[in-house]
Amino acid sequence: MSKTGVDQELIRQLAALLKETELSEIEIETDNLKLRVSRQVNQVAAHFTAPAAPASAAPAAPAPADAASHPGAVASPMVGTAYLAAEPGATPFISIGATVKEGQTVLIIEAMKTMNHIPAPRAGKVTAILVEDGQPVEFGEPLLVIE
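Residues numbered from 1 in each chain as written. Predicted model: local features only at pLDDT ≥ 70, side-chain atom pairs only at ≥ 80, totals over all residues. Heavy atoms only, no water.

Asker: With reference to specific residues and values, describe the overall build of the protein.
Answerer: Counting secondary structure elements, the protein contains two helices and 11 strands. The helix and strand sequence of the protein, counted from the amino end, reads α-β-β-β-α-β-β-β-β-β-β-β-β. When burial is assessed residue by residue, the protein has 27% of its 147 residues classed as buried. The long-range share in the protein, meaning contacts at least 24 apart out of those at least 6 apart in sequence, stands at 48%. For the protein, the computed accessible surface area is about 9800 Å², with 56% contributed by carbon and sulfur atoms. (Helix = DSSP H or I, 4+ residues; strand = E, 2+ residues; numbered from the N terminus. Buried < 20%, exposed > 50% of the residue type's maximum accessible area, 1.4 Å probe, protein only. Contact = heavy atoms within 4.5 Å. Areas by Shrake-Rupley, 256 points an atom, 1.4 Å probe, with all protein chains shown as cover.)

See below:
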């Protein structure tokens with residue numbers, strides 16, 4: 001196990017299994033760990049949620065869950081795959097520090113083979129992008145923060 005408590009060999013084995021079976025995602029969950037390994041094209045990414053810290057421990061940094069309660073958070077209106085640009089290799093719709101106008105497309109969510117342009121609900125400055133290009137997203141999941 002690494003310093004983060006994640007078994008890197010397990011991640012490598014799951015990544016190899018993804019490639020071997022041509023699956024796009026594997027998720028396992030135990031009492032102490034939730035691990036999702038997914039791939040896009042020829043990339044493999046691992047996402048994990050660490051177990052909750054004891055009540056006496058102070059948080060080191062804001063958790064992604066805190067982004068959902070941020071007043072400027074833009075939540076996903078649907079389940080699908082988030083894309084930060086119109087096509088692979090194209091310039092992303094937004095970047096951190098960019099100023100957006102209300103109604104401007106900030107990303108695309110592909111759902112059921114349909115590309116859905118997600119507009120900025122308000123004008124402001126993009127202070128955080130909480131998803132990666134090609135990442136699966138859930139309904140209500142925070143995608144970015146506009147202040």
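Asker: Please give an account of the sheet that holds strand 9 (residues 124–129) that cites residues and values.
Answerer: Taken together, four strands build an open sheet; the order of strands is 4-11-9-6 and the sheet is antiparallel. For this open sheet the edge positions go to strand 4 (73–75) and strand 6 (99–100), each flanked by a neighbour on one side alone. Where strand 6 meets strand 9, two bridges bridge the pair, whose relative direction is antiparallel. By the bridge assignment, threonine 99 is partnered in strand 9 with lysine 125. (Pairing = 2+ DSSP bridges.)

Asker: Can you lay out the pairing of strand 8 (residues 114–119) for me, pointing to particular residues and giving the numbers?
Answerer: Note: strand 7 (residues 105–111) against strand 8, six bridges, orientation antiparallel. Each residue of the ladder has a partner; that of isoleucine 108, found in strand 8, is histidine 117.

Asker: Tell me about the sheet that holds strand 10 (residues 135–137), and name the residues and values.
Answerer: Hydrogen bonding along the main chain pairs the strands of a sheet, whether they run parallel or antiparallel. Spatial strand order, 8-7-5-10: four strands in an open sheet with antiparallel pairing. Of all the strands in the sheet, the pair left with one neighbour each is strand 8 and strand 10. Adjacent strand axes in the sheet meet at a mean angle of 35 degrees when their direction is disregarded. Inspection of the sheet shows strand 5 (residues 80–83) paired to strand 10 by three bridges, in the antiparallel sense. Across the sheet, residue glycine 80 finds its bridge partner in strand 10, namely valine 137. (Axes fitted to C-alpha atoms, helices over the stretch in contact; angles between N-to-C directions.)

Asker: Before we move on, can you summarise the side chain of glutamate 110 with the specific residues and values?
Answerer: Take glutamate 110: it is sitting in strand 7. For the buried glutamate 110, no salt bridge is present, and the opposite-charge side chain at shortest range is lysine 113, 4.9 Å distant. A polar contact of 3.2 Å, which involves the side chain of glutamate 110, links it to the side chain of tyrosine 83. Residues in contact with glutamate 110, not counting those within four places in the same chain, are Val79, Gly80, Thr81, Tyr83 and Met115. (Lys, Arg positive; Asp, Glu negative; His and termini not counted. Salt bridge = Lys/Arg side-chain N within 4 Å of Asp/Glu carboxyl O. Polar contact = N/O pair within 3.5 Å; in protein donor to acceptor, adjacent residues only side chain to side chain.)

Asker: Tell me what's going on with helix 1 (residues 8–21), and back it up with residues and numbers.
Answerer: For helix 1, spanning 14 residues, the distance from its first C-alpha to its last is 20 Å, which sits close to the expected 20 Å at 1.5 Å a residue. Of the positions making up helix 1, those classed as buried are Ile11, Leu14, Ala15 and Leu18. Buried residues along helix 1 cover an arc of 100 degrees about the axis, so they all sit on one side. Among the exposed residues of helix 1, those pointing more than 90 degrees away from its buried face are Arg12 and Glu20. Remark: glutamate 22 follows helix 1 within two positions and exhibits a positive phi of approximately 60 degrees. (Expected span 1.5 Å × (residues − 1). Arc of directions from axis to C-beta.)

Asker: Please set out the nonpolar core residue by residue, giving values where relevant.
Answerer: The nonpolar side chains of a soluble globular protein tend to be buried, and buried together. Val100, Val106, Leu107, Val131, Leu143 and Leu144 are the most contacted members of the largest nonpolar core, which totals 16 residues. Among the secondary structure elements, those contributing two or more residues to this core are strand 7 and strand 11 (142–146). Excluding anything up to four places from it in sequence, leucine 107 contacts Tyr83, Leu84, Phe93, Asn116, His117, Ile118, Val131, Leu143 and Leu144. If you look at the next biggest cluster of nonpolar residues, it comprises six residues, including Ile11, Leu14, Ile26 and Leu35. (Core = buried A, V, L, I, M, F, W, Y, C linked by side-chain atoms within 4.5 Å.)

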